[in-house]
Structures are given as C-alpha cells and as structure tokens.
Amino acid sequence: MSDPTILVLNSGSSSIKFDLYDGENETVKGQVTGLGAKPWILIKNCVDGTCEDEALSPDAGQSHKTALGALLSYLKDLTGVARIDAVGHRVVHGGHLHSRPRVIDDALLEELETLIPLAPLHQPHNLAGVAAAKSAFPQAIQVACFDTAFHRHHPWVNDTFALPGCYYDEGIRRYGFHGLSYEYICEHLKERRPSAHDGRLVVAHLGNGASMCAIKNGQSIGSTMGFTALDGLPMGTRCGQLDPGVVLYLLTTKGMSPEDVSDLLYKESGLKGLSGISQDMRALSESTSPEAAKAIDYFVFRIRRELGAMAAILNGLDTLVFTGGIGENATTIRERVCEELDWLGLKIDPDKNDAGETDISSTDSRVSVLVIPTNEEAMIRRHTTRFL
C-alpha cells in the first residue's frame, strides 16, 4: 500500500496556508492570499526547491472553495498527485467536549459553528476551509485538529472562573489556545531533550497571536489564554488581559455596541493600538516613535509577568522555550524578557542569543532557555494520519 497523501489546511479570513505530505514527507507547501481581492498563490516544491509565485484569476480567487479548486490543479501539475486521501484542518476552538482530533461530520460542523463568537477572527474561516475542502476533495477524510484540545485536562482551579458553577457547566471556562504548537514542542522535546519534556516547562508562543503555557510531564496545567483568544499577552491587534469592567464601561457609559467593542478588542488593540503604527514587531523595532517603544515595553512586561505566574503554577522552572514568529526571530525581545531573572535561576548567553542557537542559556543558568521553531502543520499531519 502506498503512503497516504495528506493535505494540511490552515484557513484564514483571506488566505489559505497549505502543506502536502506523501506519508511523512512534506512535498509541497505554500499559501493563497488576497482571496476576494487580489488573489495570489505561492507554492514551494520541497523536493527540488522550485517555486510558483503568481497571481490567480479573480474567478479562481473569489472564495475558499474556488481557491482550493485552483490549488488542486496546481498540485496535480507540480507533483502528479491525482488523489487526496485526507485533509487535516486547524480549527481554533473545539469547546469543552473535544480533547482530541475528530473526523468531521455534519453534526460536528454544526457544533463548531456555535463557537464562532468565541473565536471570531479564526473559527468562521477555519470552517469555510472545511466546507471548501469537502467540496474539492469529496472522497477524502476531513479531520479537525483543535487548538484548544491540548489544554482540556487543566486542573479545575486553572480551568474555572469565579462565577456560579452553572456557567462552568455550560462551557464558560478557560480553554487556552495554540495547543497544536505546544503539542509539537512537547513531542520535539520528548524525542530530543527528554529531561526538558518531563520537567517544569514554560513555552512562550510569541507571534501575531501570543500566549504562554505551563507544562509538566508533557501536560498543560496552565495557560495565559482563557475563554476566548483575547486573554493574557497583548498581541498584534488583540488586547490581551483586560479588566472586564472596561467592557462594561464601553457598553454603558461610552454607548458602544457589542460589535464595536468586539472590533476594538480583536482588531484595533494590542501592538497596533498601543503604537498607532503597526501590529508588526519588525516595523515597531525599526521605528523611532516613542509610542512604538512603549508598545514593545508593554509586550515585554506582560511576558515577564506571565512567566512569573507560570513558574508559580509549576512550583519552579526547569526550561523556557521561545517559539512562534517573534519568539524564534526577535533576539532583542528574548534578551529583554530574560533580563534580571537571576532570582529565577535564568540567564542567557547574549552571543548565543544573537547567533540564533537552539540553546541560548548561559553556562551558569539553572534554567535551560531554548529557541525551537514550531510546526503546527506537522502536528496536524500526525493527527490526521492516525485516522487512516
């Protein structure tokens, strides 16, 4: 029997990121951007390194459904693949019922649609990708891999809010997100650094979306994110931790509508809102604006504050891992986060950090500090393969 052909999809509001695997081997990766506006496709052949980088026709790029049809044509031309055996989907919110991936059926889709208000930036587009894939690849198994699943066995005290218990029972609780990233890091450590996997571990997933997770023996026991993907660290356009009284004030005293508040907290806050310039850390780092500097200061401050909280949950700290676009690439952010943490037993080597080494700990640091690229697509591929 030949290796299965698995397509991994991460569908956004106007884009589709994709990876094609032949068994465990990544053969093609890329993305379609500008859906509904100026559609563009970038495909890299992972075998020979060649690329396709060109505009799509307006008809091909008008929706997720038409873009996937065009993508299939490109994949056939590039690889000769005639059949997709399974499609693995990143689905940001899986609710409190799902602690592992699921084969997608109509009942599950209806359930996941009810969670759209809890992840409005992601869930509708994830589900649009599912609908498009079912149409484009009707013979393929469709598998939902949830960002919340990794956190579903939190201790109760790290899972609940101080509200009457009936609200917890109906699903108002701390979910945590970026679970596919954390799961990948844990599997990586289990294979290559077992002592780090089995110890007291904090992973900082820092990017346009950002969160941190306390992990012990490979199990999530605390996360900075909560009921929605708004809580915890400030992000590109999301506010992070916020006194709920602010929301009440905006609704009552300021007279804002729920839709206006949602747009403010999800799309106009975070680094973008603080700086008034950009949500991109690279742009902020290059800016001479005082507001850009303040936005970075707040971002670093919140990471340091949450690191202390995660260490308290773990009763100490053995390993800190930086991952995500900022965590993997922003040497200055890593340096500033780790400044003056001797009290925690944590020191980094500036030369190792600047060189982008995997282990950036100083020789006298009691805490290992690692930089590990995440790979959510590989994690989705592993999960999807199990259903074949």
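Residues numbered from 1 in each chain as written. Predicted model: local features only at pLDDT ≥ 70, side-chain atom pairs only at ≥ 80, totals over all residues. Heavy atoms only, no water.

Engineer: For this particular structure, what's the right way to read the packing of aromatic side chains?
Structural biologist: Given two aromatic rings, their pairing is described by the distance between the two centres and the angle made by the two planes. Counted by the stated rule, this structure contains 3 aromatic pairs. Ring centres 6.5 Å apart and planes at 65° place the aromatic pair tryptophan 156 and tyrosine 168 in the edge-to-face group. Taken together, the residues span a long stretch of sequence, with tryptophan 156 in the loop between strand E8 (141-146) and helix H4 (165-169) and tyrosine 168 in helix H4 at a distance of 12 residues. Sitting above the plane of the tyrosine 168 ring, arginine 173 keeps its charged end 3.9 Å from the centroid. A cation over a ring is seen here: arginine 381 above tyrosine 21, with NZ or CZ 5.7 Å from the ring centre. (Phe/Tyr/Trp six-rings, centres within 6.5 Å; stacked < 30°, edge-to-face > 60°. Helix = DSSP H or I, 4+ residues; strand = E, 2+ residues; numbered from the N terminus. Lys NZ or Arg CZ within 6 Å of the ring centre and 35° of its normal.)

Engineer: Even after reading the chapter, I still don't get the pattern of salt bridges, so can you show me in this structure?
Structural biologist: Two side chains with opposite charge may pair up if their charged atoms get near one another. By the definition in use, this model includes 15 salt bridges. Here aspartate 297 and arginine 336 are joined by a salt bridge, their closest N and O atoms 2.6 Å apart. Placement of the pair is aspartate 297 in helix H11 (residues 290-314) and arginine 336 in helix H13 (residues 331-338), with a sequence separation of 39 residues. Residue arginine 336 is classed as partly exposed on the basis of its relative accessible area, which comes to 26%. (Salt bridge = Lys/Arg side-chain N within 4 Å of Asp/Glu carboxyl O. Buried < 20%, exposed > 50% of the residue type's maximum accessible area, 1.4 Å probe, protein only.)

Engineer: For this particular structure, what's the right way to read unusual backbone geometry?
Structural biologist: The backbone of histidine 178 shows a phi angle near 55°, a positive value even though the residue is not glycine. On the secondary structure map, histidine 178 appears in the loop between H4 and helix H5 (179-192). You will see that asparagine 315, though not glycine, has its phi angle at about 60°, which is positive. Look at asparagine 315 and you get exposed, because its relative accessible area is 63%.

Engineer: How do you make sense of the UniProt feature "site: Transition state stabilizer" (unreviewed entry) in the protein chain when you look at a structure like this?
Structural biologist: Look at the UniProt record and you will see "site: Transition state stabilizer" (unreviewed entry) annotated at His178 and Arg238. Take arginine 238: it is sitting in the loop between strand E11 (219-223) and helix H7 (244-252). For arginine 238, a relative accessible area of 7% gives the class buried. Discounting chain neighbours no more than four positions away, the residues touching arginine 238 are Leu121, His122, Asn208, Gly209, Met225, Ala229, Leu230, Leu265, Tyr266, Ser269 and Gly270. (UniProt positions renumbered as here; feature names shortened; annotations may be inferred. Contact = heavy atoms within 4.5 Å.)

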